[in-house]
Amino acid sequence: MARPPGPPPSLKGRALRHLAGREHSRAELERKLRPHEQTPGELARVLDELTAKGFISEERVVQSLVHRRASRLGAARLRQELAAKGVAPEAIAGALAELAPTELARAREVWQRRFDAPPADARERAKQARFLMARGFGGETVRKVLAGGGDTD
């Protein structure tokens, strides 16, 4: 269904539309809305207002991404995705520190969903290791998963 003709949405309206879909960091909104800024400083004022009213929250961005993606990704990929969203390094470090105790269990779950047996040869082992590493799990975690065949310690 086409939008009815009329004036284009304001920066604030566009920002709220983005925030209605999912949590966005200030940096993400700035990147998405910059092309629509009509006067210099307008975008900063809108984002300041939304931040002051609690519509933009870095903490919620971190919690949302971790909640959605941690069951499928390791710490390295989560760090990369959070950094791409413009989240502060301290907030990233805090979120990953909370996830560290579950890294091996999460890697085993991801491995078990994809592979039903331990690697039979070096080629299969390399394939499984690449799979886990591409999802952000570290070398030591990958080694433990492949050595244990997915069994819990």
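Everything that follows concerns the structure shown earlier in this document.
Residues numbered from 1 in each chain as written. Predicted model: local features only at pLDDT ≥ 70, side-chain atom pairs only at ≥ 80, totals over all residues. Heavy atoms only, no water.

Remark: helix H5 (residues 75-84) packs on helix H6 (residues 89-99), axes separated minimally by 10 Å, with the N-to-C direction vectors making an angle of 155°. As the angle between them shows, H5 and H6 are arranged roughly antiparallel. You can see that H5 and H6 cross each other, and the crossing is right-handed. Mapping the contact onto sequence places Ala75, Leu78, Arg79, Leu82 and Ala83 in H5 and Ile92, Leu96 and Leu99 in H6. A breakdown of the residues in the contact of H5 with H6 according to their chemical character gives 7 nonpolar, no polar and 1 charged. (Axes fitted to C-alpha atoms, helices over the stretch in contact; angles between N-to-C directions. Helix = DSSP H or I, 4+ residues; strand = E, 2+ residues; numbered from the N terminus. Parallel < 35°, antiparallel > 145°, perpendicular 65-115°, else oblique. Left-handed = near helix turned anticlockwise from the far one by under 90°. Contact = heavy atoms within 4.5 Å. Nonpolar A, V, L, I, M, F, W, Y, C, P; charged D, E, K, R; others polar.)

Before going further, it helps to examine helix H8 (residues 122-134). Here H8 spans 18 Å end to end across 13 residues, near enough to the 18 Å set by a 1.5 Å rise per residue. Within H8 the residues assigned to the buried category are Gln128, Ala129, Phe131 and Leu132. Along H8, the residues classed as buried sweep out an arc of 155° about the axis, all on the same side. In H8, the exposed residues that point more than 90 degrees away from the buried face are Ala122, Arg123 and Arg130. (Expected span 1.5 Å × (residues − 1). Buried < 20%, exposed > 50% of the residue type's maximum accessible area, 1.4 Å probe, protein only. Arc of directions from axis to C-beta.)

Moving on, we get to the packing of aromatic side chains. For the structure shown, the criterion picks out 1 aromatic pair. Pairing Phe115 with Phe131 gives two aromatic rings, centres 5.3 Å apart and planes at 90°, and the pair type is edge-to-face. Here the residue Phe115 occupies a position in the loop between helix H7 (103-114) and H8, and Phe131 occupies one in helix H8, the gap between them amounting to 16 residues. Exposure class is identical for Phe115 and Phe131. Each is buried. Lying over the aromatic face of Phe115, Arg114 brings its terminal NZ or CZ to 5.3 Å of the ring centre. (Phe/Tyr/Trp six-rings, centres within 6.5 Å; stacked < 30°, edge-to-face > 60°. Lys NZ or Arg CZ within 6 Å of the ring centre and 35° of its normal.)

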